[in-house]
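# Architecture at a glance
This is what each chain is made of:
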Amino acid sequence: MSERERMSLRVLPEVMDYIDAYRDQHDITYHGQALEKIIQEHEAWKIEDRSNRAIMDIAAEQFHQVFASELKKLQLGVNNSDRNTQILMELMNGMLMNENHLITTSNMESKPVSIAKEEVRERIVHQRQKKIDWEESQKAKQTENH
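Please read all numbers here as calculations on a predicted model, not as lab measurements.

### Regarding the overall build of the protein
- What the protein contains, in helices and strands, is three helices and zero strands.
- Seen in sequence order, the protein has helices and strands lined up from the N terminus as α-α-α.
- Looking at the 146 residues of the protein, the share that counts as buried comes to 10%.
- Taking all contacts inside the protein whose residues are at least 6 apart in sequence as the whole, residues at least 24 apart take part in 33%.
- Accessible surface, the protein as shown: approximately 13,300 Å² in total, 56% of it carbon and sulfur.

Printed below as a string of structure tokens:
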């Protein structure tokens, strides 16, 4: 046995009840030995907790690597659908405004489709620029705060 140091403690009654229950559960004679075991278990738990966190971080990174490209594909598909929906809205608007000038064929892109696509493209470029400007202003704010 290693050398032990004497110590006098004051603890809450609930703490004393916990130590007594631990002693009974583990057939330990002395309060000091029970406290040593509790501290050893706590230290082991801290090591296990750090290990679990490391494993969770690794798993999260692998999840991100596996699904990032799939999510990107999905996002691109959604963006394409949104763009096509906007084009259809522009075409419907054109039809309702002036029915006689909307020309559609399966072999050739009509002028209204070209106009609608260009309108949507310009909106997307504008929205993207607004997002870039906002991100830059957020970075500037973070730089000022640090």
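Following the structure, the description resumes.
### Focus: helix H3 (residues 111–145)
- The terminal C-alpha atoms of H3, which comprises 35 residues, lie 51 Å apart, in line with the 51 Å expected from a rise of 1.5 Å per residue.
- Residues of H3 that are buried include every one of Pro 112, Val 113, Ala 116 and Val 120, and no others.

### Some points on the pattern of salt bridges
- Applying the stated criterion across every chain yields a total of seven salt bridges.
- Of the charged contacts, one joins Asp 20 and Arg 23 as a salt bridge, the two residues approaching to 3.3 Å between their closest N and O atoms. Remark: Arg 23 and Asp 20 occur in helix H1 (residues 13–26); sequence separation between them is three residues, near one turn of the helix.
- Between Arg 53 and Asp 49 there is a salt bridge, with the nearest N and O atoms lying 3.1 Å from each other. Placement of both Arg 53 and Asp 49 in helix H2 (residues 31–97) is noted, with a separation of four residues, approximately one turn of the helix.

### Description of the packing of aromatic side chains
- The tally for this structure, following the rule as stated, stands at one aromatic pair.
- Pairing Phe 63 with Phe 67 gives two aromatic rings, centres 4.5 Å apart and planes at 45 degrees, and the pair type is tilted. Pair noted here: Phe 63 and Phe 67 are both in helix H2, with a separation of four residues, about one helical turn.
- Given the relative accessible area of 51%, Phe 63 is considered exposed.
- Judged by relative accessible area, Phe 67 falls into the partly exposed class, the value being 38%.

### Considering a nonpolar patch on the surface
- On the surface, a cluster of nonpolar side chains totalling about 610 Å² of accessible area is made up of Phe 63, Val 66, Phe 67, Leu 71, Leu 74 and Val 78.
- Following the sequence through the fold, Leu 71 ends up in helix H2.
- Judged by relative accessible area, Leu 71 falls into the exposed class, the value being 53%.

### Digging into the confidence of the model for the protein
- Per-residue confidence for the protein gives a mean pLDDT of 83; residues scoring 70 or more make up 87%.
- The least confident element of the protein, judged by mean pLDDT, is H3 at 83; the most confident is H1 at 95.

### Remarks on the side chain of Arg 23
- For Arg 23, a relative accessible area of 19% gives the class buried.
- If we ignore the near neighbours within four places in the chain, the residues touching Arg 23 are Ile 28, Thr 29, Tyr 30, His 31 and Ala 34.

### With respect to unusual backbone geometry
- Positive phi, normally seen in glycine, also occurs at Asp 27, with a value near 50 degrees.
- Mapped onto the elements of the fold, Asp 27 is located in the loop between H1 and H2.
- Residue classification places Asp 27 among the exposed residues on the basis of a relative accessible area of 70%.

Cut-offs applied
What you see as residue numbers is a count from 1 along each chain, following the sequence as written. Where local features are concerned, this predicted model is filtered to residues with pLDDT of at least 70; where side-chain atom pairs are given and counted, the filter is 80 or more; whole-chain, interface and lining totals use all residues. Hydrogens are left out, water is left out, and the side-chain values use all remaining heavy atoms of the structure. Under the scheme used here, helices are H or I runs from DSSP no shorter than 4 residues and strands are E runs no shorter than 2 residues, and both carry numbers assigned from the N terminus. In this scheme, a residue with accessible area under 20% of its type's maximum is buried, one over 50% is exposed, and one in between is partly exposed, where area comes from a 1.4 Å probe on protein chains only. We call two residues in contact when some of their heavy atoms are within 4.5 Å. All accessible-area figures derive from a Shrake-Rupley calculation using a 1.4 Å probe, and residue coverage is judged against the displayed protein chains alone. To estimate how far a helix should reach, multiply one less than its number of residues by 1.5 Å. For this document, the term salt bridge refers to a Lys or Arg side-chain nitrogen within 4 Å of an Asp or Glu carboxyl oxygen. The aromatic pairing rule takes the rings of Phe, Tyr and Trp, using the six-membered ring of Trp, and pairs them if the centres are within 6.5 Å, calling planes under 30 degrees apart stacked, those over 60 edge-to-face and the rest tilted. Without a salt bridge and with relative accessible area above 30%, a residue can belong to a patch; like charges are then joined within 9 Å and nonpolar side chains (Val, Leu, Ile, Met, Phe, Trp, Tyr) within 5 Å. The predictor's confidence in any single residue is recorded as pLDDT, a number from 0 to 100.

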